[in-house]
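# Coordinates in review
Listed below, chain by chain, are the residues.
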Amino acid sequence: MKNVIAKLINKDSIPENIFKLSVSKSKTFEDCAKKYKFTYIDKFPRKEWDFHIFGKFLHQILENFHRSILEKPEMASQWPRLLDDAWESAEEEYKSKLNKEQEDQASEIINHYKEIIDEEGLPNVISVEQPFNIVINDILLLNGFIDRVQIDSDGMLHVADYKTTKDKKYLKDFFQLETYAYALMLENDDINRIRASFIMLRHEFEYLTEEFTRKEIFSKIAPKFINYAEAIDTEKLWRANPQFLCKYCDHLERCREGNDYLVKRGKAPDIKPKVGLNKLVKENMEEQTINSKEIDYCTLSVSFTGDPDVIKQKESEAIKELKKIQIPGFRKGKAPDYAIKARCKDKINNWIAREMSVEAYDAMVFETGVKPIGQPEFKSINCKNGQYSCEMIVYHKPEFELKQYTAIEISKAPIKDLDTQIENAIIALRKRSGQTEPYSDEDIVEKGDDITMSFKALINQEVFDGSVVEGEFYTVGQNKFPDFDDYILGMKAGETREFSLVFPEDYPELGGKTAQFELTVHMGTKKRLAPLTEDFFKNCGVKDYDELKVNLSQIISVNMKQEEMNYIKGQVSEKLVEIHDFKVPEFLIDKEAQFQAMQRRIDKKSLEQDDIKNALREIAEKNCKLSLILDSIREEEPDAVLNDSEVQQRIMQHVMKQGHDPKKFFVEAERNGTLLGLVAALKDEFTLQWVIEQAKVINGKTETEEIRST
């Protein structure tokens, strides 16, 4: 792939100070930036949980077993004894950490593996815990270990990873296995297709399998890790992403947002760490102060003063980081602290200001309990002489009670006759290919005709602005007042007709008033239907009438299904908005209204008209309200969440189908500010679809059925 140079290197050849990533690091950052900071930047100790120990124990048994066969293939016939030995070897390390229930479960899993081998024979495993180190563009190191590589009976290379998770729904993508496949393909130039599986140990060694081509892997993996590296490198706030999985986090005691989330929802941790517990870090610094005031609806003004001890710690971190650069007069990495302080004062202050701004933001979230929207606006930041203070404006979500959002009852979409739709489509094609001819003496005005007309309209016997028209060209059916067209249908060239027309109530200045029209049709043209000839079918890309009907049937069927789903989406959206009664913040409505105007290509001058402005704001308010509701549903329903990795994958697939470069698309979308909106829209769409799948369609008065996504 362009602009990507990747190569495998030995562990001893890893360059110093290179940015290091792995699948687990990337996923940690994607799931929660704050957890990434705690784990890989602050390097706080991690805990060892019961389920981790259980998984490591089983991994160790299987590694020991297959490694022993690789080292002594002549012993393969005695595999039952080797598997028992592998158990005993792993048990020596883990026995003191396992409980009786875990030992029994592990024994059951390994015994089942014996049954599989008895029935199917030994898998052709060629490596276990295979390490890899990949340097990408000389700036990024991607490393990891592959649980197992085997060759299947059809000769295909098969990479596998053991999983001890109970619920398969949490394995949402194959990114981990795709990364392993990438490493193997870099090592073997002749591999064009590879098989990859999660081996579900708790599910009788069930394989969740996909196959990948070299083209797929090489177009995806390196660019994706480059994107991760760039996102991590530019991260400033290290925000937490509170969710129900917080109770399993290694750093829950340190995370205000995670604790607050679980306490508010009554989901306090019910699993305790097995070993490695650390004392609670002092979170509420005595010298730290924070004050907040609601200055407008969902708008906070926040002032923060940092704890001197924390500021001092940040200064030490800055100096440690600056030791990596060349300080004039000293060898690289050898400059003393006093020299760095003297020569890098501005850089140290900038580091402290950045880190303390994150601290201020975290403290604000914890103290106020609000759910921020967008980035905070820092009105002032003061950082000097070991002191830090700031003032910021924070916009946040409104608080509201989430109403019943499952089993919403809605009606079925109106049924359209497919044959009628096909016939109408054929008529439209014939009209498009037909000849335009002037009216004959027998022709009458019909929709779609082009006519020349004149009219005079009076209200209370007086003309008004635009009420006198001479020789105007008009396409019948395009008037925004349907009644107008109804009055002229059936007229002939040269005919004059009088009628009354009542203006709609919301029509500016004339709303509700009745106008008396006198209208004359001077002349007209009509599109004659093209005959069903060989040339007509050829122009349509088919050979005859039957093939045209088949092609149109396929296209129209897809469109009808999409229309049905749009109809359902519309109803569900309306009901969600209807049952939730809360005020949408003005700043959200303003921003969405601007977006709607841009989408509709409405110019600035038109936006000054009250009717257009009010219509856009009404649409914007409904959209924002729905988005806020869907966001709250995501907090309660893990299955309704589309994570960032899945969003990125969907965008990439769509962009690639359009024949564009995904990387360029992401760069441009981020530059012009459309990326965040696109990501939010995809997440909302996924959550709305989840709500739709829980909804019930009322067919008549009695029958209900679940909607399944099309």
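Let me sum up the structure you'll find in this document. Per-chain numbering applies: the sequence of each chain, read as written, is numbered from 1 onward. Local features in this predicted model are restricted to residues of pLDDT 70 or higher, and side-chain atom pairs are both shown and tallied only at a pLDDT of 80 or more, whereas totals for entire chains, interfaces and linings draw on every residue. The basis for the side-chain values is all heavy atoms of the structure; hydrogens and waters are excluded.

### Focus: the packing of aromatic side chains
Side-chain rings of Phe, Tyr and Trp, where Trp is taken by its six-membered ring, are said to pair if the distance between their centres is within 6.5 Å; with planes under 30 degrees apart they count as stacked, over 60 as edge-to-face, and otherwise as tilted. Per the counting criterion, the structure on display carries 32 aromatic pairs. Ring centres of Phe175 and Tyr228 lie 6.1 Å apart, and the angle between their planes is 50°; on these two criteria the pair is classed as tilted. Of this pair, Phe175 sits in helix 6 (residues 175–187) while Tyr228 sits in helix 7 (residues 214–234), and the two are 53 residues apart along the sequence. For the residue pair Phe175 and Tyr228, the accessibility class agrees, reading buried in each case. Seen in terms of ring centroids, Phe225 and Tyr228 are 6.2 Å apart; in terms of plane orientation they differ by 55°. Their pairing is tilted. Here Phe225 pairs with Tyr228, and both are found in helix 7, just three residues apart, close to one helical turn. We note that Phe225, like Tyr228, is buried. Through a chain of ring-to-ring contacts, three or more aromatic side chains come together here, namely Phe455, Tyr474, Phe484, Tyr487, Phe499 and Phe517. Helix and strand assignments follow DSSP, with helices taken as H or I runs no shorter than four residues and strands as E runs no shorter than two, numbered in order from the N terminus. Buried residues are those whose accessible area, probed at 1.4 Å on protein chains only, stays under 20% of the maximum for their type, while exposed residues exceed 50% and partly exposed ones sit between those limits.

### Points about the sheet that holds strand 11 (residues 299–305)
Only strands joined by at least two bridges in the DSSP assignment are considered to pair. Taken in spatial order, the four strands make up an open sheet running 10-11-13-12, and their pairing is antiparallel. Looking at which strands have only one partner, the edges of the open sheet turn out to be strand 10 (289–296) and strand 12 (377–384). Strand-to-strand twist in this sheet, taken as the mean axis angle between neighbours without regard to direction, amounts to 10°. Where strand 12 meets strand 13 (residues 387–395), seven bridges bridge the pair, whose relative direction is antiparallel. Each bridged residue has a counterpart across the sheet, and for Ile381 the counterpart in strand 13 is Cys390. Should any heavy atoms of two residues lie within 4.5 Å, those residues are counted as being in contact. Axis angles are defined between N-to-C directions and span 0 to 180 degrees, where every axis is a line fitted to C-alpha atoms and, for a helix, only to the segment in contact. Across the face of the sheet, helix 11 (residues 345–368) comes into contact with strand 10, strand 11, strand 12 and strand 13 while running at roughly 50° to strand 13.

### Re the packing of helix 19 (residues 644–657) against helix 20 (residues 662–671)
Interhelical geometry of helix 19 versus helix 20 gives an angle of 115° and a closest axis separation of 9 Å. In this structure, the crossing between helix 19 and helix 20 has a hand that is right-handed. Counted together, Gln648, Ile651, Met652, Val655 and Met656 of helix 19 and Pro662, Phe665 and Phe666 of helix 20 form the full contact between these two elements. Taken together, the residues of the contact of helix 19 with helix 20 break down into seven nonpolar, one polar and no charged. For any helix crossing, the convention is left-handed if the near helix is rotated counterclockwise from the far helix by under a right angle, and right-handed if that rotation is clockwise. Classification convention: Asp, Glu, Lys, Arg as charged; Ala, Val, Leu, Ile, Met, Phe, Trp, Tyr, Cys, Pro as nonpolar; all other residues, Gly among them, as polar.

### Structural notes on the pairing of strand 5 (residues 140–151)
Counting buried residues along strand 5, nine of its 12 residues qualify, which places the element largely inside the surrounding structure. Here three bridges tie strand 2 (residues 19–21) to strand 5, and the two strands are oriented parallel to one another. Looking at the pairing, Phe19 lines up with Leu140 of strand 5. Where strand 4 (residues 125–136) and strand 5 come together, 10 bridges link them in antiparallel fashion. For Val135, the partnering residue across the bridge sits in strand 5 and is Leu141. Linkage of strand 4 to strand 5, two consecutive antiparallel strands, is achieved through a turn of three residues, within which Asn137 is found at a positive phi near 55°. For strand 5 and strand 6 (residues 157–163), the ladder comprises four bridges, and the chain directions are antiparallel. Opposite Arg148, over in strand 6, you have Ala160 as the bridge partner.

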